[in-house]
Amino acid sequence: MTEIADSDFRHAQRHIRLDTILRLRWLAVLGQLAAIFIVAQGLEFNVEIVPCVSIIALSAALNLALQTAANPMQRLEPMQAAGLLALNIVELAGLLFFTGGLQNPFSFLFLAPVLISATALPARFTFGLGLLAVACASVLFFFHFPLPWDFDDPLVLPPIYLVGVWLSIALAIGVTSLYSFQVTEEARKLADALAATELVLTREQHLTQLDGLAAAAAHELGTPLATIFLISRELEKTVKDPSIAADLKTLREQTQRCRDILSKITQLSSTGAPFDRMKLSELIEEVVAPHRDFGVEIKVRIAVAAAAEPVGSRNPAILYGIGNIVENAVDFAHTTVEVNAWWNKDHIELVISDDGPGIPPDILNRIGEPYLSRRRTQDDGGGERRGLGLGVFIARTLLERTGAKVSFTNRIFPDHGAVVQITWPRQRFEAIETLEETIG
């Protein structure tokens, strides 16, 4: 089976483009200016215009400086992006300080930078930004200018209400950020796992294409080698010098050896070309054969059915998918792995079971998700590392793309072991002709 390196798909460093941050900051600048204009001119409330506009002007100046000094399309390091988001929080806190603190309904905008971090930055930066936002909200609870309001009818909010506002901001930051981070992380894992699946399928395609290339090479090289063989044989008959005749004999023998090797390659390729048709029993035997010498007995049972045996193409996705499941069964089995096949005119069913410990109940319903594994493997340094958990995900994805339905269960007590059931509509199994259909 094809191995996937841990460093290829896990823990990819996350980056945000500078242009994305600048767009958000410019949007904030325009929104803040509009809010101040509406409150001061439209509602005619007394607003601390000078300090508020000064804070907004500094934010706009920083935006211009960043656009001028750096390429907006560059990707920021997580620390840099977190710094700009932290600056957004501080700027918002400054504006709220002059416009009523937590009494200002725009105080909930503390949530925005933390949410952005939760979807794009590592968890430690999101946690730090969340603490900064809560700290700013806590300071504004005690220290702030009065909320701009009508002097004739001042608005007085009870302290208990402000406590509720502070608590709601803190809870909103915690809950929504955690939810956003989990959803984004799951989406990222799924994208990485699908990329690994496509890589495995591409490698399997290249392996199956080697047979065709070998056959083509044997065909193309056959004619010139035959010519060399004939000429060397004729020259050997006519040359009188014994030393030259010996060299010609060696040349003829080595040429014949090359022809024999190419003949064997041609025979191997003719039985394993990428688009050859093969019976289900032959497919099972090809998958099982590499795993027979690992101290675990593999029993293959083909049920006798009234319908003719299914014949499908030698599809790399099916070979890899079933092979990976058989490999897992051999790894976890104590003594025996069973591969049972059955079919009728409508369906094909393949059941792979082992006598190992079975699938833990807490992950049985999640089996097949990417990066879900309890297996520990040895690394190059002799230490243990956790398996990626991609194998079953890739196998299930590839098989389902060929029209199969894959289910995972455990044997019924007192028996123990895992059971994997793979079912195809017979028409779909026999209609799979090319790898491109599997990829699409």
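Residues numbered from 1 in each chain as written. Predicted model: local features only at pLDDT ≥ 70, side-chain atom pairs only at ≥ 80, totals over all residues. Heavy atoms only, no water.

### As for the environment of leucine 248
Note on placement: leucine 248 falls in helix H8 (residues 242-270). Looking at leucine 248, the relative accessible area reads 13%, which means it is buried. For leucine 248 and isoleucine 231, which are 17 residues apart along the polypeptide, the C-alpha to C-alpha distance reads 9.5 Å. (Helix = DSSP H or I, 4+ residues; strand = E, 2+ residues; numbered from the N terminus. Buried < 20%, exposed > 50% of the residue type's maximum accessible area, 1.4 Å probe, protein only.)

### Thoughts on unusual backbone geometry
Cis geometry marks the peptide bond from phenylalanine 413 to proline 414; its omega dihedral reads 15°. Inspection of the secondary structure assignment puts proline 414 in the loop between strand S10 (405-410) and strand S11 (418-425).

### A short note on the sheet that holds S10
Ordered by their spatial adjacency, five strands build an open sheet running S4-S6-S7-S11-S10, and the pairing between neighbours is mixed. Only two strands of the sheet have a single neighbouring strand rather than two, namely strand S4 (297-302) and S10. When the angles between neighbouring strand axes are averaged without regard to direction, this sheet yields 15°. (Pairing = 2+ DSSP bridges. Axes fitted to C-alpha atoms, helices over the stretch in contact; angles between N-to-C directions.)

### Things to note about the UniProt feature "transmembrane region" (unreviewed entry) in the protein chain
Per the UniProt annotation, the sites labelled "transmembrane region" (unreviewed entry) are residues 24-43, 49-69, 81-99, 105-122, 129-147 and 159-181. Along residues 24-43 the backbone is 95% helical and 0% strand, and the end-to-end C-alpha distance reaches 27 Å. In this annotation, residues 81-99 is assigned 89% helix and 0% strand; the end-to-end C-alpha distance for the span is 27 Å. (UniProt positions renumbered as here; feature names shortened; annotations may be inferred.)

### Observations concerning helix H9 (residues 280-288)
Burial in H9 covers these residues: Leu280, Leu283, Ile284, Val287 and Val288. Each buried residue of H9 lies within a common arc of 125° when the element is viewed along its axis, so the set occupies one face. Close packing links the buried residues of H9 with strand S3 (277-279), S4, helix H10 (316-332), strand S6 (336-343), strand S7 (347-354) and helix H13 (426-431). (Arc of directions from axis to C-beta. Contact = heavy atoms within 4.5 Å.)

### As for the packing of helix H2 (residues 18-42) against helix H4 (residues 78-97)
H4 packs onto H2 with a crossing angle of 5° between their chain directions and a minimal axis gap of 11 Å. Relative to H4, the element H2 is oriented roughly parallel. Side by side, H2 and H4 meet where Leu18, Ile21, Arg25 and Gln32 of the first sit next to Leu84, Leu85, Leu87, Asn88, Glu91 and Leu95 of the second. (Parallel < 35°, antiparallel > 145°, perpendicular 65-115°, else oblique.)

### Notes on the nonpolar core
Ranked by internal contacts, the top residues of the largest apolar core, which has 37 residues, are Ile322, Val337, Ile352, Ile422 and Trp424. Listing elements by their share of this core, those giving two or more residues are H9, H10, S6, S7, helix H12 (390-401), S10 and S11. With seven residues, the single largest contributor to this core is H10. Sequence-distant contacts of isoleucine 422, that is, excluding residues within four places in its chain, are made with Ile322, Ile325, Ile348, Glu349, Leu350, Ile352, Leu399, Ala404, Lys405 and Val406. Listed in part, the 29 residues of the second largest apolar core include Leu84, Ala86, Leu96 and Val165. (Core = buried A, V, L, I, M, F, W, Y, C linked by side-chain atoms within 4.5 Å.)

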